Amino acid sequence: MFEGILERVATQRPLIHCITNYVTITDVANMVLACGGSPIMADDPQEVEEVTALCDGLVLNTGTLHTHTIPSVFLAGKRANALGHPVVLDPVGAGASRLRRDTIHQLLEQVQFAVIRGNSSEMRVVAQQHLTGASRGVDAGVGDATDEQNLEKVVRDAQSLSRRTGAVIAITGAIDVVADSQRAYIIRNGHPMMERITGTGCMLTGMVAAWCAANPGDTTRAVAAAVCAMGLCGQLAWERAQQEGGGVGLMRAHLADFMGSLTTKQLEEGKRVELR
Amino acid sequence: MFEGILERVATQRPLIHCITNYVTITDVANMVLACGGSPIMADDPQEVEEVTALCDGLVLNTGTLHTHTIPSVFLAGKRANALGHPVVLDPVGAGASRLRRDTIHQLLEQVQFAVIRGNSSEMRVVAQQHLTGASRGVDAGVGDATDEQNLEKVVRDAQSLSRRTGAVIAITGAIDVVADSQRAYIIRNGHPMMERITGTGCMLTGMVAAWCAANPGDTTRAVAAAVCAMGLCGQLAWERAQQEGGGVGLMRAHLADFMGSLTTKQLEEGKRVELR
Amino acid sequence: MFEGILERVATQRPLIHCITNYVTITDVANMVLACGGSPIMADDPQEVEEVTALCDGLVLNTGTLHTHTIPSVFLAGKRANALGHPVVLDPVGAGASRLRRDTIHQLLEQVQFAVIRGNSSEMRVVAQQHLTGASRGVDAGVGDATDEQNLEKVVRDAQSLSRRTGAVIAITGAIDVVADSQRAYIIRNGHPMMERITGTGCMLTGMVAAWCAANPGDTTRAVAAAVCAMGLCGQLAWERAQQEGGGVGLMRAHLADFMGSLTTKQLEEGKRVELR
């Protein structure tokens, strides 16, 4: 299902410009490296356009927005669009403040995203922008945590959001949904303990950008592969940490260990994915 | 001694808003997760009031103050006070610059802290604010590293500072003192190697906020439990790292491992604490 | 060859002020601690002069420059110069933007560096400043990755750059060159996998500052020792990680493990160095 994806990342070592939050920035850089890419972090308005022009893909992550660097996400996003680089949005904490909501909604208007990846609460905020004027309430839409009961609806909403934004939509959680307007991958990799280390979502977003940059024209499959890979490495990392008598600390180290050595064979055998 | 403390954290999973330094921010987030809470980092003046209103507790850490985010600590502190959330001050590097001293002293005037936690040098700077006009010199007060000789005096000074600030005072070091105006816990957990990894103090402060948020009305005991827990996990982490032929690198990973699986039974059996 | 270097670091525990990028700041702090120093990070213009005056050495790293903290690198650099503290420049991503190039070139005019450490691409940008008006093109000079073929030329260029800047020059990569105007150390420690974890260069720069601060008057030898030590610990960390079935994640932890316990005997036996 994911033939060629990892190989192209390894061959091309795409350079990814990350404007990302300061909480998880080290782990994002290390995960981009581990998954086969190369990261550059830069967020000053005076240099982001030049930096992104040197790169193959761009991450915009809203985790620790600062008013003095908000112009950077627009400048970099537009330049990356002009250059045809994939731009990935991670709307971290989208609902936590007006500053985040407004910034995200303006980004959706001004920047064309290749992928938008968030948890279900964040993606609800993203979707609401595109539902303005509709009769749905705050709790409707893709906002509920995905489970077997609401899965059908989550997939429909993700595909609808994909149609409206032109982006591949990845809603991650206990069950992950990766959808474009035509297809949806339902992914059941991952481990609940991944929520107990900070930044697994941010790291995945960095990976997604690298894998999409190396696989142009095959974005949906590349995103699905990245989501499976992160979930699989999370499972393996927790299992290994437990075997060693450790926990979340060792798991964090092993997550990079497993990602750094992941093969297509392992991914194909370990993936738990359904294509609808 | 600490019955119920951990259980309440695990049940409530308090959400902690951290305005903290960029050196240790990842490790603080991971420790808040490991000890049972959930962290949000946000420090832009335009969003901190909204973010803290979503949370159950607030950390203000002065480790890497920036003039453009200093207004944030006042805005968040006052909002948290208005909402009755516990606010914990970590006066990192309090004596390193006029900017830090002035900010800390203004904070002490404008924000009511539930807990102030620092090492003895930092707490000396905090105490001096409250000794203005008194005849004591710079080297007096709680400024000396706590040892068996000066312990009585450190406890008295901590209790005096607690009376003046209304906060529980935690002075951590080789011997830790946690005091309110009535009681003092003397804690001898911990390992000297904990000073050789950055951020053990900052991580403890994050923990303290989470444990206090989940144990309202029982702040002094919650702080003492957190200080014991961090010290105990530090001992275990160093011991494990040594057994594995490692050192400070593995210790850092194992610190989160042990905190993530700590039980009340382990804490009760491992604590080295005296209540005066 | 490196007798006394580590011992003086361990005895003096030099305090190092780091104005460094946010991607690797935690790992830099932990490496400064592991190698025997003590770090303080502070980058607000209002406090950097005071902070650096408390310290024994200064790191200026351009990895995530921000316009609002750029004044800090000049203020701290000049103050450290006035106090006779060693100042180490790490021109991270020197060629990535005009902002970085201009800042680095202005720094070279206004601050006297004890050491400049970068990879060959970064050092090329540094050297070009000092070649203005000369007929060399962009691709000439120290810009090519160092290999056995161009080694002679890299050494000559490094010595020339040292003469012009008055700094010890460290060009790190598969082969490392540490040179002053008289001597050059050719170092073949290290492991290719060190490039797969973020910040090994930044960590080395922090170490270099600590080791130079503790060994005044012996800067070139201290830099060479630090470069050997980092390379050696990288080799050992990767080897250990592999033995344990791990990869880049464990390697990152073990790098600090090995640095934290490195002895002169290990360094002397493990060094792969040639003095020309």
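Residues numbered from 1 in each chain as written. Chains lettered and ligands numbered in written order. Predicted model: local features only at pLDDT ≥ 70, side-chain atom pairs only at ≥ 80, totals over all residues. Heavy atoms only, no water.

> How should I be thinking about the interface of chain A and chain B in this particular structure?
Frequently, the measure chosen for interface size is the accessible area removed from exposure when the parts meet. The partner chain B presents 27 residues to the 28 residues of chain A that form the contact. Taking both partners together, chain A and chain B bury about 2100 Å²; carbon and sulfur atoms supply 51% of that area. Applying the counting criterion to the chain A and chain B interface returns two salt bridges. The residue A:Arg100 makes a salt bridge to B:Glu47 at a minimum N-O spacing of 2.9 Å. Applying the counting rule to chain A against chain B returns 15 residue pairs in polar contact (both at pLDDT 80 or more). Elements that contribute at least two residues to the side of chain A that touches chain B include exactly helix H2 (25–34), helix H5 (98–110) and helix H10 (248–261) of chain A. (Contact = heavy atoms within 4.5 Å. Buried area = accessible area lost by both parts, 1.4 Å probe. Salt bridge = Lys/Arg side-chain N within 4 Å of Asp/Glu carboxyl O. Polar contact = N/O pair within 3.5 Å; in protein donor to acceptor, adjacent residues only side chain to side chain. Helix = DSSP H or I, 4+ residues; strand = E, 2+ residues; numbered from the N terminus.)

> I keep staring at the relation of the copies chain A and chain B and nothing clicks. Help me out?
Between the two copies of the chain lies a relationship made up of a rotation around an axis and a movement along it. Each copy superposes on the other: chain A lies on chain B with an RMSD of 0.0 Å after a rotation of 120° and an axial shift of 0.0 Å. Taken together, the rotation and translation relating the two chain copies correspond to the operation of a three-fold axis. Minimal C-alpha separation from the rotation axis in chain A is found for A:Tyr22, amounting to 4.0 Å. A low fraction, 18%, of the interface residues of chain A reappear at the interface in chain B, so the copies pair through non-equivalent surfaces. (Least-squares fit on C-alpha atoms with pLDDT ≥ 70 in both.)

> Just to check I follow, could you spell out the confidence of the model for chain A for this structure?
Where the model shows low pLDDT, its predicted coordinates should not be examined in detail. Per-residue confidence for chain A averages 94 on the pLDDT scale, and 94% of its residues sit at or above 70. Here residues 132–142 of chain A is a poorly scored stretch, pLDDT under 50, and it has 20 contacts once near neighbours within four places are set aside; other chains count. (pLDDT = per-residue confidence, 0-100.)

> I keep staring at the relation of the copies chain A and chain C and nothing clicks. Help me out?
By a simple turn and slide, chain A fits onto chain C: the slide is 0.0 Å along the axis, the RMSD is 0.0 Å, and the turn is 120°. Each copy contacts the other with its own distinct surface, as only 19% of the interface residues of chain A are interface residues in chain C too.

> Please clarify how the pattern of salt bridges should be interpreted in this entry.
Any two side chains of opposite charge can pair if their charged atoms end up close together. Scanning the model with the defined rule gives 48 salt bridges over all chains in all. Between A:Glu3 and A:Arg221 there is a salt bridge, and its shortest N-O distance comes to 3.8 Å. With A:Glu3 in the segment before helix H1 (5–12) and A:Arg221 in helix H9 (residues 219–243), this residue pair connects regions lying 218 residues apart in the sequence. When the shortest N-O distance is used, the salt bridge between B:Arg221 and B:Asp218 registers 2.8 Å.

> Could you clarify how one ought to interpret the packing of aromatic side chains in this entry?
The geometry of two aromatic rings is summed up by the distance between their centres and the angle between their planes. Counting across every chain of the model gives six aromatic pairs over all chains. Centroid distance C:Phe2 to C:Tyr185: 6.4 Å. Interplanar angle 35°. Geometry classified as tilted. Here the residue C:Phe2 occupies a position in the segment before helix H1 (5–12), and C:Tyr185 occupies one in strand E8 (residues 184–187), the gap between them amounting to 183 residues. Here the aromatic cluster, defined as three or more aromatic residues joined through ring pairs, consists of A:Tyr22, B:Tyr22 and C:Tyr22. (Phe/Tyr/Trp six-rings, centres within 6.5 Å; stacked < 30°, edge-to-face > 60°.)

> Please clarify how the interface of chain A and chain C should be interpreted in this entry.
In this assembly, 27 residues from chain A lie in contact with 28 residues from chain C. Between chain A and chain C, the buried area comes to about 2100 Å², and carbon and sulfur atoms account for 52% of it. Seen at the junction of chain A and chain C, the total is two salt bridges. Summed over the shared surface of chain A and chain C, the result is 15 residue pairs in polar contact (both at pLDDT 80 or more).

> How do you make sense of the environment of A:Cys35 when you look at a structure like this?
All names here are of chain A. Here cysteine 35 lies in the loop between H2 and strand E2 (38–41). In this structure, the C-alpha to C-alpha distance between cysteine 35 and methionine 230, residues 195 residues apart in sequence, is 9.5 Å. Here cysteine 35 is in contact with Val9, Met207, Ala210, Trp211 and Met259, once residues within four sequence places are set aside.

> Looking at this model, I keep getting lost on the sheet that holds strand E7 (residues 176–179) of chain C. Mind explaining?
Through backbone hydrogen bonds, the strands of a sheet pair up, either in parallel or in antiparallel fashion. Residue and element names in this part refer to chain C. Pairing within the open sheet is mixed, and its nine strands lie in the order E2-E1-E3-E4-E5-E6-E7-E8-E9. Since the sheet does not close on itself, it has two edges, and those belong to strand E2 (38–41) and strand E9 (273–275), each with one partner. Here the strands of the sheet are splayed against their neighbours by 15° on average, with no regard to which way each runs. Where strand E4 (residues 87–90) meets strand E5 (residues 115–119), two bridges bridge the pair, whose relative direction is parallel. Bridging across to E5, leucine 89 finds its partner in isoleucine 116. (Pairing = 2+ DSSP bridges. Axes fitted to C-alpha atoms, helices over the stretch in contact; angles between N-to-C directions.)

> Can you help me understand empty space enclosed by the protein in this one?
If you walk through the whole model with that rule in mind, you get ten cavities of 30 Å³ or more. Within this model, the largest cavity holds a volume of roughly 530 Å³. Along the walls of the largest cavity sit 36 residues, with A:Arg252, A:Ala253, B:Arg252, C:Arg252 and C:Ala253 positioned nearest its centre. When contributions to the lining of the largest cavity are tallied by element, the ones reaching two or more residues are H2 and H10 of chain A, helix H2 (25–34) and helix H10 (248–260) of chain B together with helix H2 (25–34) and helix H10 (248–260) of chain C. Classifying every residue of the lining of the largest cavity gives 21 nonpolar, six polar and nine charged. (1 Å grid on protein atoms, 1.4 Å probe; cavity = no way out; pocket = protein on both sides within 12 Å on 5 of 7 lines; lining within 4 Å. Points joined across faces, edges and corners; volume = space filled by probe spheres on them. Nonpolar A, V, L, I, M, F, W, Y, C, P; charged D, E, K, R; others polar.)

> Mind showing me how you'd approach the nonpolar core here?
In summary, soluble globular proteins display a tendency toward joint burial of nonpolar side chains. Among the nonpolar cores identified, the biggest contains 184 residues, and A:Trp211, B:Trp211 and C:Trp211 are the most heavily contacted of them. When near neighbours in sequence (up to four residues on either side) are disregarded, B:Trp211 contacts B:Ile5, B:Leu6, B:Val9, B:Cys35, B:Ala222, B:Ala225, B:Ala226, B:Ala229 and B:Leu262. (Core = buried A, V, L, I, M, F, W, Y, C linked by side-chain atoms within 4.5 Å. Buried < 20%, exposed > 50% of the residue type's maximum accessible area, 1.4 Å probe, protein only.)

> So what exactly am I meant to see when it comes to the sheet that holds strand E1 (residues 15–19) of chain A here?
Residue and element names in this part refer to chain A. The strand order across the open sheet built from nine strands is E2-E1-E3-E4-E5-E6-E7-E8-E9, with neighbouring strands paired in mixed fashion. What marks the edges here is a single partner per strand, and that holds for E2 and strand E9 (273–275). Neighbour to neighbour, the strand axes of the sheet diverge by 15° on average, direction disregarded. As judged from the three bridges shared by strand E8 (residues 184–187) and E9, these two strands associate in the antiparallel manner. Bridge pairing links isoleucine 186 to glutamate 274 in E9. Against the sheet, H9 engages strand E5 (115–119), strand E6 (168–172), strand E7 (176–179), E8 and E9, with an angle of about 5° to E8.

> Looking at this structure, I do not really get helix H1 (residues 5–12) of chain B. What am I missing?
All names here are of chain B. Turning to H1, its buried residues number three or more, namely Ile5, Leu6 and Val9. End-on view of H1: buried residues confined to an arc of 95°, all on one side of the axis. In this fold, the buried residues of H1 make contact with helix H8 (200–214), helix H9 (219–243) and helix H11 (264–270). With its phi angle positive at about 40°, arginine 13 sits one or two positions after the end of H1. (Arc of directions from axis to C-beta.)

> Hey, could you run me through the environment of C:Ala53 in this one?
All names here are of chain C. By the secondary structure assignment, alanine 53 is in helix H3 (residues 48–53). The class of alanine 53 is partly exposed, set by a relative accessible area of 38%. Sequence spacing of alanine 53 and proline 14 is 39 residues, and the spatial spacing of their C-alpha atoms is 13 Å. Apart from residues no more than four positions distant in its own chain, alanine 53 is found in contact with Arg79, Leu83 and His85.

> Teacher, can you tell me more about the pairing of E8(A) here?
Working note: regular strand, side chains alternate between the two faces of the sheet. Residue and element names in this part refer to chain A. With burial as the criterion, each face of E8 is covered, one bearing Ala184 and Ile186 and the other bearing Tyr185 and Ile187. Inspection of the sheet shows E7 paired to E8 by four bridges, in the antiparallel sense. Across the sheet, aspartate 176 pairs through a bridge with isoleucine 187, a residue of E8. Where E7 folds back onto E8 in an antiparallel hairpin, the turn is made up of four residues.

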